[in-house]
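# Observations on the three-dimensional arrangement
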Amino acid sequence: MKIVTASFGDYFSKNWGDLWSECVTQDPLYGTCNLNYYKAYWRTRSFIDLSFVVASPTQPILGVLLTVNRDDNGLCQLSAYGQPIHFLENSKVTDKDRKQAYKLLKQKLKETFEQEAPNQIIYRDYLERGKLSPLSKMLMDMGAKAEPVFIQMIDLYRETSLIRSDLNKTYKWNVNWGEKNLDIQILDNSNVVDKDIEEFRCLHVAAAGRETRSKDSWRAQFEMVQNNEAFIVFGRLSDRLVTAALFSFSRDVCVYGVSASDRELFDKPLSHILLWRAICTAKNLGCSSFECGEVFFLEQTIPAPEKKVLGISRFKRNFGGDISQRLSVVWSTNINANKKIIR
């Protein structure tokens, strides 16, 4: 059994790809083109790829998508291009191989932590099969703080009519308004062109009142659609683009990415039809679930979530579905000043 690092190039990519294909749930935000988007989005950060796979002679067993970056003050963060570290595990291996792989995982992480001396490590555990991942256990043994994260999920195995019946009564009306008044277009790898993403970018700039991110990040999102990692939903009113949204997807899951709407039409329910059409598109693509995104409750955090955040959470919940739990695991020198990196 050996460790294959990102420095192995194509050999690492093959092992990671094989592991990705075997994992229980493929999070689309960690697809190849989605990661290129985050690299472009955090263009002021210099990331070094420290990812690795633990592989037996016949197959990859587990893998960690891991990068390191330091800010202008020298503070060091371990993440996955600004997102939480991503951990994959092959469920089709023997207990003996898994235990050996865990030992190599701990050894490799210990070496990395000692070499990089991070100030912060961020990881999100999907709690597959209701259990903590070995990476969570290692970080929590170091003193990492773990907090629940709640995600609004829609089961796409259900009939479309049943999914629609779960919509809040007002939202059903809003979706009907969009179907009657907006010209909806789905853009995917079969029909997207350069001018589409530029039109989306201009709408986003107008809605935000400024350029919030680089053109390279928009180009990366265009490539996400081209490479079948995302699709875009456009809504036009009298031939004018007034609302748009991008959704990332994988074999299993579809996730909301970014949206924008004409601020002069905020009195109209523009976004409801986009989300509904995205749900239908994801179901047609064969996805098993649709993530509306993270939701918050009144006294969930200290300080309590802002009124705007709670309003967005209600919007997501009113589209139906159930709430799934994940775990945010964060190790930080701010809360672990006197603790060792790993035992």
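Notes on the structure in this doc start here. (Residues numbered from 1 in each chain as written. Predicted model: local features only at pLDDT ≥ 70, side-chain atom pairs only at ≥ 80, totals over all residues. Heavy atoms only, no water.)

## Observations regarding the overall build of the chain
From N to C terminus, the chain includes ten helices and 15 strands. Its C-alpha atoms give the chain a radius of gyration of 21 Å, within 12% of the compact-globule value 20 Å for 343 residues. Viewed in the frame of its principal axes, the chain has a C-alpha envelope of about 60 × 45 × 40 Å. Taken across its 343 residues, the chain has 50% of its residues classed as buried. In the chain, the proportion of contacts linking residues at least 24 apart, taken out of those at least 6 apart, comes to 72%. For the chain, the accessible area works out to roughly 17400 Å², and carbon and sulfur atoms hold 48% of it. Within the chain, one finds 46 positive and 41 negative side-chain charges whose respective centroids are separated by 4 Å. (Helix = DSSP H or I, 4+ residues; strand = E, 2+ residues; numbered from the N terminus. Rg over C-alpha atoms; globule rule 2.2 N^0.38 Å. Buried < 20%, exposed > 50% of the residue type's maximum accessible area, 1.4 Å probe, protein only. Contact = heavy atoms within 4.5 Å. Areas by Shrake-Rupley, 256 points an atom, 1.4 Å probe, with all protein chains shown as cover. Lys, Arg positive; Asp, Glu negative; His and termini not counted. Charge placed at Lys NZ, Arg CZ, Asp CG, Glu CD.)

## Describing the sheet that holds strand E6 (residues 76–79)
Strand order in the open sheet formed by eleven strands is E2-E5-E6-E8-E15-E9-E14-E13-E12-E11-E10, and the pairing between neighbours is mixed. The sheet is open, and its two borders are formed by strand E2 (48–49) and strand E10 (183–187), each paired with just one other strand. Its contacts with the sheet place helix H4 (residues 134–141) against strand E8 (120–125), strand E9 (145–155) and strand E15 (322–332), and it is angled at close to 145° to E8. The strands touched by helix H7 (residues 194–208) within the sheet are E10, strand E11 (230–237), strand E12 (240–249) and strand E13 (253–261), with E13 carrying the most contacts at an inclination of about 60°. (Pairing = 2+ DSSP bridges. Axes fitted to C-alpha atoms, helices over the stretch in contact; angles between N-to-C directions.)

## Some thoughts on the packing of helix H2 (residues 32–41) against helix H8 (residues 215–226)
Viewed as axis vectors pointing N to C, H2 and H8 meet at an angle of 175°, and their least axial separation amounts to 8 Å. By the angle between their axes, H2 is roughly antiparallel relative to H8. Of H8, the residues touching H2 (which contributes Cys-33, Asn-34, Asn-36, Tyr-37, Ala-40 and Tyr-41) are Asp-216, Ser-217, Ala-220, Gln-221, Glu-223 and Met-224. (Parallel < 35°, antiparallel > 145°, perpendicular 65-115°, else oblique.)

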